[in-house]
Amino acid sequence: GKCKKRLLPISKRLESAKKLVKKESVKSAITKAKYWAMRRKCMTMAYMQNIRKCQSVARLQISCRGYGSCWNAARRNYYRNKKGVMREESNMKIEWRGLKRIQCYLQVIDDKPKKDAKGKTMSNTAVLNSCIRMKRPNTRHLNIHYGRIPKKPRCPTDRMCPCSVFYVNTVYKV
């Protein structure tokens, strides 16, 4: 009897502890199952995102390479066209100076009298002499500013691209 009285409360506590462990282990199993299900879902989503990002980076690199060849062709055309435009600019300035001289000579045969800076009427001989002594007309307004060609743009690179070695080593290596 005396031993039984002592062991009975302990055995009751043991039974209740066993029930509690069983109940908690069921809860733990459910929680672990939920965790692993969510983890699989997250890993699947991360995998899909990595694939999508790799595809978009590949597209970006392909389009960047295409842009680079287009840029080279545009630069080649610029230099080719610039030579012709410079020739045209030079010819245009020569024509402008000739036009100004012709306008001056036409004033000699014009019926309207030409007046000097003081407002006095000039004789045809004076007008002719001023045309002969005429300075070279200014052609600064005909100058073309060709500008500088911008540097060839570099394709952007993402070190944390899922398909890069850096990304794989950073994320998946322990």
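Note that this is a predicted model, so its numbers are computed, not measured.

Q: How would you sum up the overall build of the chain? Please name residues and give values.
A: Summing up its helical and strand segments, the chain has three helices and two strands in all. For 174 residues, the compact-globule estimate of 2.2 N^0.38 gives 16 Å, and the C-alpha radius of gyration of the chain, at 46 Å, exceeds that figure by more than 25%. Considering only C-alpha atoms, the chain reaches an extent of 155 × 40 × 25 Å along its principal axes. In the chain, the share of contacts with a sequence separation of at least 24, taken over all contacts with a separation of at least 6, comes to 69%. Looking at the chain as shown, the accessible area adds up to about 15400 Å², and 60% of this sits on carbon and sulfur atoms. Mean positive and mean negative side-chain charge positions of the chain (45 and 9 charges, respectively) differ by 24 Å.

Q: Explain the pattern of salt bridges to me, and be specific about the residues and the numbers.
A: Using the criterion set out here, one finds two salt bridges in the structure. Lys 27 serves as the salt-bridge partner of Glu 24, at 3.7 Å between the closest nitrogen and oxygen. Pair noted here: Glu 24 and Lys 27 are both in helix α1 (residues 2–109), with a separation of three residues, about one helical turn. On the basis of relative accessible area, Glu 24 is assigned to the partly exposed category, the value being 36%. Lys 27 sits in the partly exposed class, given a relative accessible area of 44%.

Q: Break down a positive patch on the surface for me, citing the residues and quoting the values.
A: Taken together, the side chains of Arg 75, Arg 76, Arg 80 and Lys 152 present a region of like positive charge at the surface. In this fold, Arg 76 is placed in helix α1.

Rules used in this analysis
Residues numbered from 1 in each chain as written. Predicted model: local features only at pLDDT ≥ 70, side-chain atom pairs only at ≥ 80, totals over all residues. Heavy atoms only, no water. Helix = DSSP H or I, 4+ residues; strand = E, 2+ residues; numbered from the N terminus. Rg over C-alpha atoms; globule rule 2.2 N^0.38 Å. Contact = heavy atoms within 4.5 Å. Areas by Shrake-Rupley, 256 points an atom, 1.4 Å probe, with all protein chains shown as cover. Lys, Arg positive; Asp, Glu negative; His and termini not counted. Charge placed at Lys NZ, Arg CZ, Asp CG, Glu CD. Salt bridge = Lys/Arg side-chain N within 4 Å of Asp/Glu carboxyl O. Buried < 20%, exposed > 50% of the residue type's maximum accessible area, 1.4 Å probe, protein only. Patch = residues over 30% accessible without salt bridge, like charges linked within 9 Å, V, L, I, M, F, W, Y side chains within 5 Å.

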